Amino acid sequence: MILITGAAGFIGGNFIHHWFDKSTEPVLVLDKLTYAGNPQTIAAHLDAGRCTLVQGDIADRALVAQLLAEHQPRAVLHFAAESHVDRSIHGPGEFIQTNMVGTFELLEAVRAYWGAMATEAKAAFRFLHVSTDEVYGSLSETDPAFSETTAYAPNSPYSASKAGSDHLVRAYHHTYGLPTLTTNCSNNYGPYHFPEKLIPLMILNALDGKPLPVYGDGLNIRDWLYVRDHCEAIQQVLAKGRVGETYNVGGKNEVRNIDVVTTICRKLDELRPKADGSRYEAQITYVADRPGHDRRYAIDPSKVEREIGWQPAETFESGIDKTVRWYLDNTVWTDAVRTGAYRDWVAQNYAAR
Ligand code: NAD
Ligand code: TYD
């Protein structure tokens, strides 16, 4: 079996669906169930008994040690993190605690467990760390895309805390020989994405008739990857990745924020036209920029393509179509996650903009 941290969140939850599309190997999920964690996302697999959820903190070393001893996983896949840049600007403490201290405590528990394994199991064991392209900082419009050798230059408390976790994982391989793998992926989008992030926020605000808040000039660029393509990359890196290596994962889909938003608007015009005949684009509102806003991210995925044989299946157009349709069809999920705490965050982040 495998142990996955943070699988009640967006990417981890999609990974559970992806895993059980192809595998019957059981999964143990360790998730703190913060505001971003939602057991409903993986309810079908929990109910079917092939997946078990333990609510707990990756920083609880004793709990992690107990789970490892009890379940004897052959791999640990580490998705758990505080993941939203804007929240890290308002309150960086949780990011340091979970992404750095939490990853350290998790690594310590895993190191002890792995160190005591029999020789064959020890050689086969993997610790896969899921990270982000944001650790590389910001690109100008003409800079080459991030490769695995690009120097780390994180700019937000979020990306700095992820960079710290990447360095710890690297050190545990280099110093202790822990068989690690690290993936640094570009922006994901797709089903079960918490609606504080750009794409789901815009879809749901548009449908609610609310403003579509574009930060700054709207010309910041992100390299968008459909979440299932990321999940497939992680599964393949787990199976075929070279121990101690890092792999950049991206969809070669660089899109300006304003173009992301207008694409969503046009898709909604097609699938859910407004009763009064007006266009969703009329709801676009430019608001004050994010402090320290990274201008451009772009991933060079040639290493993962060459060594692992991974390729994305979705284009931005096909992925956005699937995503918008999913949000239109899954209002039970979207209504459930937009609780009082969600509304408090929206008020905190947007009221003063
Ligand atoms: P998310 O915020 O949707 O989910 C994070 C999950 O981790 C939640 O279920 C939450 O409850 C859990 N969690 C948080 N703190 C925890 C703790 N201390 N102990 C145990 N569980 C805890 O995040 P996501 O978008 O699914 O991102 C998953 C991983 O992928 C993160 O490590 C993130 O840095 C990385 N990543 C995200 C993106 C993206 O575009 N979303 C891109 C590249 C990499
Ligand atoms: P986000 O989804 O928060 O991801 P990240 O900051 O990790 O890339 O934001 C994606 C881009 O969209 C980023 O350039 C900030 C911008 N953005 C807006 O313009 N308006 C918004 O309301 C949000 C949440 C993001």
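Just so it is clear, the structure is predicted and the values come from calculations on it, not from any experiment. (Residues numbered from 1 in each chain as written. Chains lettered and ligands numbered in written order. Predicted model: local features only at pLDDT ≥ 70, side-chain atom pairs only at ≥ 80, totals over all residues. Heavy atoms only, no water.)

Student: Kindly report on the overall build of the chain, identifying the contributing residues and their values.
Tutor: The helix and strand tally for the chain stands at 14 helices and 13 strands. For the chain, the spread of C-alpha atoms along the principal axes amounts to about 70 × 45 × 40 Å. A distance of 1 Å separates the average location of the 34 positive side-chain charges in the chain from that of its 43 negative side-chain charges. (Helix = DSSP H or I, 4+ residues; strand = E, 2+ residues; numbered from the N terminus. Lys, Arg positive; Asp, Glu negative; His and termini not counted. Charge placed at Lys NZ, Arg CZ, Asp CG, Glu CD.)

Student: Lay out the packing of aromatic side chains with the relevant residues and their values.
Tutor: Going through the model one piece at a time under the given rule, you end up with 18 aromatic pairs. Both rings, one in Tyr 35 and one in Phe 194, keep their centres 5.2 Å apart while their planes meet at 75 degrees; by these two values the pair is edge-to-face. Note that Tyr 35 is positioned in the loop between β2 (27-31) and α2 (43-47) and Phe 194 in the loop between β7 (188-189) and α8 (198-207), a separation of 159 residues in sequence. An angle of 70 degrees between the planes, with centres 5.5 Å apart, marks the rings of Trp 326 and Trp 333 as edge-to-face. (Phe/Tyr/Trp six-rings, centres within 6.5 Å; stacked < 30°, edge-to-face > 60°.)

Student: Quick one: what's the story with the site of ligand 1, residue by residue and with numbers?
Tutor: Taken together, 28 residues sit near ligand 1, with Ile 11, Asp 31, Ser 83, Tyr 158 and Lys 162 positioned nearest. At 3.0 Å, a backbone N or O of Phe 10 approaches an oxygen atom of ligand 1. At a separation of 2.8 Å, an oxygen atom of ligand 1 approaches a polar backbone atom of Asn 188. Across the complex, the protein chains shield 97% of the 830 Å² of accessible surface that ligand 1 would expose by itself. Looking at the shell around ligand 1, the elements with two or more residues in it are α1 (10-22), β5 (126-132) and α7 (157-176). A per-element tally of the shell around ligand 1 places β5 first, with three residues. (Near = heavy atom within 4 Å. Polar contact = N/O pair within 3.5 Å; in protein donor to acceptor, adjacent residues only side chain to side chain. Areas by Shrake-Rupley, 256 points an atom, 1.4 Å probe, with all protein chains shown as cover.)

Student: Can you tell me about the site of ligand 2, naming the residues and giving the values?
Tutor: Close to ligand 2 lie 19 residues, the nearest being Glu 134, Arg 222, Arg 290, His 293 and Tyr 350. In this structure, an oxygen atom belonging to ligand 2 sits 3.0 Å away from a main-chain N or O atom of Leu 198. Arg 222 places a polar side-chain atom, nitrogen or oxygen, 2.7 Å from an oxygen atom of ligand 2. Burial of ligand 2 by the protein amounts to 97% of the accessible area it has alone, namely 520 Å². For the shell around ligand 2, the elements supplying multiple residues, two or more each, are α4 (85-90), α8 and β8 (212-215). The greatest single-element share of the shell around ligand 2, amounting to three residues, is contributed by β8. Grouping the amino acids of the shell around ligand 2 by side-chain chemistry returns eight nonpolar, five polar and six charged. (Nonpolar A, V, L, I, M, F, W, Y, C, P; charged D, E, K, R; others polar.)

This is a description of form; function is not addressed.
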